[in-house]
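One-letter residues, chain by chain:
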Amino acid sequence: MVVATNLGFPYVGAKRELKKLVESFWSAKISEEELLKGVQDIQAIHWKLQKEQGIEHVPSGEYTLYDRVLDTAQQFGAIPQRYQHLTNHLEQYFAMGRGLQKPATATSAKIDVPAMEMKKWFDTNYHFIVPEFEANQTFTLQQPRAVQQFKAAKALGIQTRPVLIGPVSFLYLGKAAKGSEPFNTLSLLPKVLPLYVELLKQLAEAGAEWVQIDEPILVFDLAADVKLALEKAYKTLKEQSTLKLLIAAYFGRVENNIYAVKDYVNAIHLDLVRAPEELDSILPLLKADQILSLGLVDGRNIWINNLDKSIALAEKAVAALGKDRVFIAPSCSLAHSPFSTSFEKKIKAANPELFSWLSFSAEKCAEISVIAKAINHGRDSVKDALAANAAAVESRRTSKQTVNPAVRDRVAKIPAAAWKRASPFPVRREAQVKKLKLPLFPTTTIGSFPQTKEIRVARQKHNKGELSAADYDAFIKAEMKKMVEFQERIGLDVLVHGEPERNDMVEHFGHLLHGYDFTENGWVVSYGSRCVKPPVIFGDVARRGPMTIEEIKYAQSLTSKPMKGMLTGPVTMMKWSFVRDDIPANELCAQIGLALRDEVNDLEAAGIPCIQVDEPAIREGLPIRRADWDAYLDWSVACFRLATSGIRDETQIHTHMCYSDFNDIFDAIAALDADVITIENSKSDEKLLKIFEAKQYPNEIGPGLYDIHSPRVPSVEEMKTRFADMLKYIPEHLLWANPDCGLKSRQWPETEAALVNMVEVAKYFRSLKAKSA
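As the structure is a prediction and not an experimental result, all values here were calculated from the model. (Residues numbered from 1 in each chain as written. Predicted model: local features only at pLDDT ≥ 70, side-chain atom pairs only at ≥ 80, totals over all residues. Heavy atoms only, no water.)

Draft legend 1. Seen up close, the overall build of the chain. Across its full length, the chain holds 27 helices and 23 strands. Taken over the C-alpha trace, the chain has a radius of gyration of 26 Å; the compact-globule value for 773 residues is 28 Å, and the two agree within 12%. Taking the principal axes of its C-alpha atoms as reference, the chain extends roughly 75 × 65 × 50 Å. Relative to its 773 residues, the chain shows a buried fraction of 61%. Residue pairs in contact within the chain that sit at least 24 positions apart in sequence constitute 78% of those at least 6 positions apart. Counting only carbon and sulfur atoms, one obtains 53% of the accessible surface of the chain, whose full area is about 29,300 Å². Of the side-chain charges in the chain, 96 are positive and 98 negative, and the distance between the mean point of each set is 2 Å. (Helix = DSSP H or I, 4+ residues; strand = E, 2+ residues; numbered from the N terminus. Rg over C-alpha atoms; globule rule 2.2 N^0.38 Å. Buried < 20%, exposed > 50% of the residue type's maximum accessible area, 1.4 Å probe, protein only. Contact = heavy atoms within 4.5 Å. Areas by Shrake-Rupley, 256 points an atom, 1.4 Å probe, with all protein chains shown as cover. Lys, Arg positive; Asp, Glu negative; His and termini not counted. Charge placed at Lys NZ, Arg CZ, Asp CG, Glu CD.)

Right, here's the structure in full:
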């Protein structure tokens, strides 16, 4: 019979229980024992829920306190030297993920270690911790989470399918340890493979039958040595393990990479949401006893599945393979989807049609079960579910909520001149230097300042009607005033209003645009304990009216220094939302670009001299296969320019990007033609700077001086060293000083200390220049 399976579940909990637990632990409000007990309770709820929804292969081992890749690194003993003196397992783990600073005491030495590098997980908005390896790395298996979680589920009477990150993806996604000479991390495969064999042995002894091994790099363009490593790894695991192995790839096409593993596994998982065409190409390659796992339900979005189409695909597979050789599954782990629509009372009451189109993780498990039942027992066995689904699918296809003829007409008539600035950068820069009169090495921040408890409480009271609009406005203005005064006091050159009125850089603007709606509990993890609640784009997008003018005008009135208007770019507005999938992405992005263009023009008309349009998602949106890059970059870059090109030369356009491999798209970043770009640099070991050896960035740039995702405060000397390195690659008249990213998630003490140090660094280098003049 066809089996209903799942690849992973949202570990943060129904109402972000894990976030609250780990943050309470970090602030010493609960003990390690209390943290782990709370985690066990959440896991039990998740396993039972999936069983209740009809999932037969329930995953375990994928639950994490911070990041699955970090879990893998620690459990195999890949601990960078700077953390090895930390003997408490959990303290060491969190220090690797987020850094750790502790003052010296009478009985202990000072601790000051930065976090490991963080990168985007493929083309998602999730960030993973990049493993670090030495060329002579030794591995040791310690406290394997997959075994612990399998046993915990078994104790509850639930037989689960353990999930591992595969050995080749683990090594391939890693890097040489800081300070080490570069080397091919896949050379470590012979050392780590025996530990995978041992881990599989422990799982078999614990009673596991199947194990899911995620090898997401199978969707990359892989060189011959990587394919050879995959073949060696799975040949070894097949020969030395008694478990049934399911290898899972997701987020794209496996293409001919499948040949490296297909002979050595019992089952293969395909993402048929991203690559439905691969069903036909993979089916003939399977051996007579191999199982195909069909990723039919979208694990990354929130729309209902078209059950009729999914059942048809499943029937096609069953016709070729038989029922006993087919699994039904989501396209990828459901960790990228919110928990359940059962919490969405407001949308259900206010817009029941839209609510009928939504499906979160719990509902997706039910969809998987319906598909499996339809195959096993016939469509009549689930006819009520299929009828309700067909009605909702048709409702979404024909709804008037999704189409705005005026918006579509405006997009169709965009003039050619709207896609680029009127003058080249050298002409613009001359006008901006004259107007702004900034010092050498201008200092600025990325936009947001700490969202304090007071700000969050005031927003909650306002949203509940407990704080009047007038009182809330007065509160926000008072917060902005404090933030502007702080920036002036420490000596920043280009100021920001601090964004106290914004809950999220995408959701805030979504409330001010047609075509968006919002969930109450649609949380997904971005990194660590940081969760985001993406808005839902269900219809054509247009501006309701001015979105930021009053706040930025007020902030500018408080200072004679230039104030930046702060907007989120069209690609990021789209990528960091749960985006509609019923029109082409480039058309939707152009709609958002036009809405932002109107706002940019209004900010300029209001006298704002600098306008920042952030595009941190432009790299993550890059298609995984290089063959698809050019088309994406053409329209994504064009939509940014559409948003920013309707202004005069003297108005300075900034943009910001973070936490991705930007070296891959350096030319596209230059093509954005922003006057100033601030970009993450410090957390990724300054890899960004290396590209300047080969290419010259034509406009002004501020590589980040320090990592804001850690509470750690870097010293002046540390930032001086980093800034001196920047000057080796970037002309001094083009270089800015700024943090890696926005400061929303930080606390005020560390924020002030780090920014004071940063400003001191800029002043120091200005003084050196003055002395040498």
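Draft legend 2. Up close: helix 7 (residues 189-206). Between the first and last C-alpha of helix 7 there are 25 Å, a value that for 18 residues agrees with the 26 Å anticipated at 1.5 Å per step. Three or more residues of helix 7 are buried, namely Leu 189, Val 192, Leu 193, Leu 195, Tyr 196, Val 197, Leu 199, Leu 200, Leu 203 and Ala 206. One or two steps after helix 7, the chain reaches Gly 207, where phi turns positive at roughly 110°. (Expected span 1.5 Å × (residues − 1).)

Draft legend 3. Looking closely at the pattern of salt bridges. Scanning the entire structure with this criterion turns up 49 salt bridges. Arg 82 is the partner of Glu 132 in a salt bridge, and the nearest nitrogen-oxygen pair spans 2.6 Å. On the criterion of sequence distance, the pair formed by Glu 132 in strand 7 (residues 132-133) and Arg 82 in the loop between helix 3 (68-75) and helix 4 (89-98) is long-range, its members being 50 residues apart. A residue is classified by how much of its surface remains accessible, and Glu 132, at 3% relative accessible area, is buried. Judged by its relative accessible area of 23%, Arg 82 is partly exposed. The closest approach of N and O atoms between Arg 580 and Asp 582, which form a salt bridge, is 2.7 Å. Of the residues examined, Arg 580 reaches a relative accessible area of 4% and is grouped as buried. A single salt-bridge network, built from bridges that share partners, covers Asp 221, Arg 253, Glu 255, Arg 625 and Asp 628. (Salt bridge = Lys/Arg side-chain N within 4 Å of Asp/Glu carboxyl O.)

Draft legend 4. Main features of the side chain of Arg 428. Locating Arg 428 in the fold gives a position in helix 16 (residues 425-436). Residue class for Arg 428 comes out buried when judged on its relative accessible area of 0%. Not counting chain neighbours up to four residues away, the residues in contact with Arg 428 comprise Arg 421, Ser 423, Asp 649, Asp 673, Asp 675 and Asn 699.

Draft legend 5. Structural view of a positive patch on the surface. A cluster of basic residues, Lys 15, Lys 20, Lys 345 and Lys 348, forms a positive patch on the protein surface. In this structure, Lys 15 sits in the loop between strand 1 (3-4) and helix 1 (17-26). Note on Lys 15: relative accessible area 44%, which makes it partly exposed. (Patch = residues over 30% accessible without salt bridge, like charges linked within 9 Å, V, L, I, M, F, W, Y side chains within 5 Å.)

Draft legend 6. Up close: the packing of helix 5 (residues 145-155) against helix 7. Contact geometry for helix 5 and helix 7: axes closest at 10 Å, N-to-C directions at 10°. Here helix 7 runs roughly parallel to helix 5, going by the angle between their axes. Of the residues in helix 7, those in contact with Ala 146, Val 147, Phe 150, Lys 151 and Lys 154 of helix 5 are Leu 199, Gln 202, Leu 203 and Ala 206. (Axes fitted to C-alpha atoms, helices over the stretch in contact; angles between N-to-C directions. Parallel < 35°, antiparallel > 145°, perpendicular 65-115°, else oblique.)

Draft legend 7. Representation of the sheet that holds strand 12 (residues 267-271) in the model. Taken in spatial order, the eight strands make up an open sheet running 1-14-13-12-11-10-8-2, and their pairing is parallel. One side of each edge strand has no neighbouring strand; the edge strands of this open sheet are strand 1 and strand 2 (58-60). Of the strand pairs in this sheet, strand 1 and strand 14 (residues 326-330) are connected by two bridges, and their pairing is parallel. Its bridge partner lying in strand 14, Ala 4 is registered against Ile 328. Sitting on the sheet, helix 5 is in contact with strand 2 and strand 8 (160-165), with an inclination near 165° to strand 8. Sheet strands in contact with helix 10 (residues 307-321) are strand 13 (291-297) and strand 14, and its direction is about 175° off that of strand 13. (Pairing = 2+ DSSP bridges.)

Draft legend 8. Molecular detail of the packing of helix 10 against helix 13 (residues 361-377). One way to put it is that helix 10 packs onto helix 13 with a least axis distance of 10 Å and a crossing angle of 50°. For the element pair helix 10 / helix 13, the angle class is oblique. Viewed along their axes, helix 10 and helix 13 form a crossing whose handedness is right-handed. For the pair helix 10 and helix 13, contact is made by Leu 307, Ser 310, Ile 311, Ala 314, Glu 315 and Val 318 and by Glu 367, Val 370, Ile 371, Ala 374 and Ile 375, respectively. Its residues assigned to classes, the contact of helix 10 with helix 13 shows eight nonpolar, one polar and two charged. (Left-handed = near helix turned anticlockwise from the far one by under 90°. Nonpolar A, V, L, I, M, F, W, Y, C, P; charged D, E, K, R; others polar.)

Draft legend 9. Geometry of the environment of Thr 124. Here Thr 124 lies in the loop between strand 5 (118-120) and strand 6 (127-129). Sequence separation between Thr 124 and Phe 251 is 127 residues; the distance between their C-alpha atoms is 8.9 Å. Sequence-distant contacts of Thr 124, that is, excluding residues within four places in its chain, are made with Phe 251, Arg 300, His 336 and Glu 620. For Thr 124, the side chain forms a polar contact with the main-chain oxygen of Trp 121, separated by 2.8 Å. Among the polar contacts listed, one links the side chain of Thr 124 to the backbone nitrogen of Tyr 126, at a separation of 3.0 Å. (Polar contact = N/O pair within 3.5 Å; in protein donor to acceptor, adjacent residues only side chain to side chain.)

Draft legend 10. Structural detail: the environment of Pro 500. Within the secondary structure, Pro 500 is located in the loop between helix 18 (469-490) and helix 19 (507-510). Sequence separation between Pro 500 and Asp 67 is 433 residues, and the spatial gap between their C-alpha atoms is 29 Å. The contacts of Pro 500, once residues within four sequence positions are left out, are Gln 451, Ile 455, Arg 459, Ile 476, Glu 479, Met 480 and Met 483.

Draft legend 11. Quick peek at the sheet that holds strand 19 (residues 564-568). Across the sheet, which stays open at both edges, the five strands sit in the order 19-20-21-22-23 with parallel pairing between neighbours. Pairing within the sheet leaves two strands with one partner each, and these edge strands are strand 19 and strand 23 (700-703). Ignoring strand direction, the axes of neighbouring strands in this sheet form an average angle of 20°. Taken together, the three bridges between strand 20 (residues 610-614) and strand 21 (residues 652-657) define a ladder with parallel strand orientation. Across the sheet, residue Cys 610 finds its bridge partner in strand 21, namely Gln 652.

The values are spatial; any link to function lies outside them.
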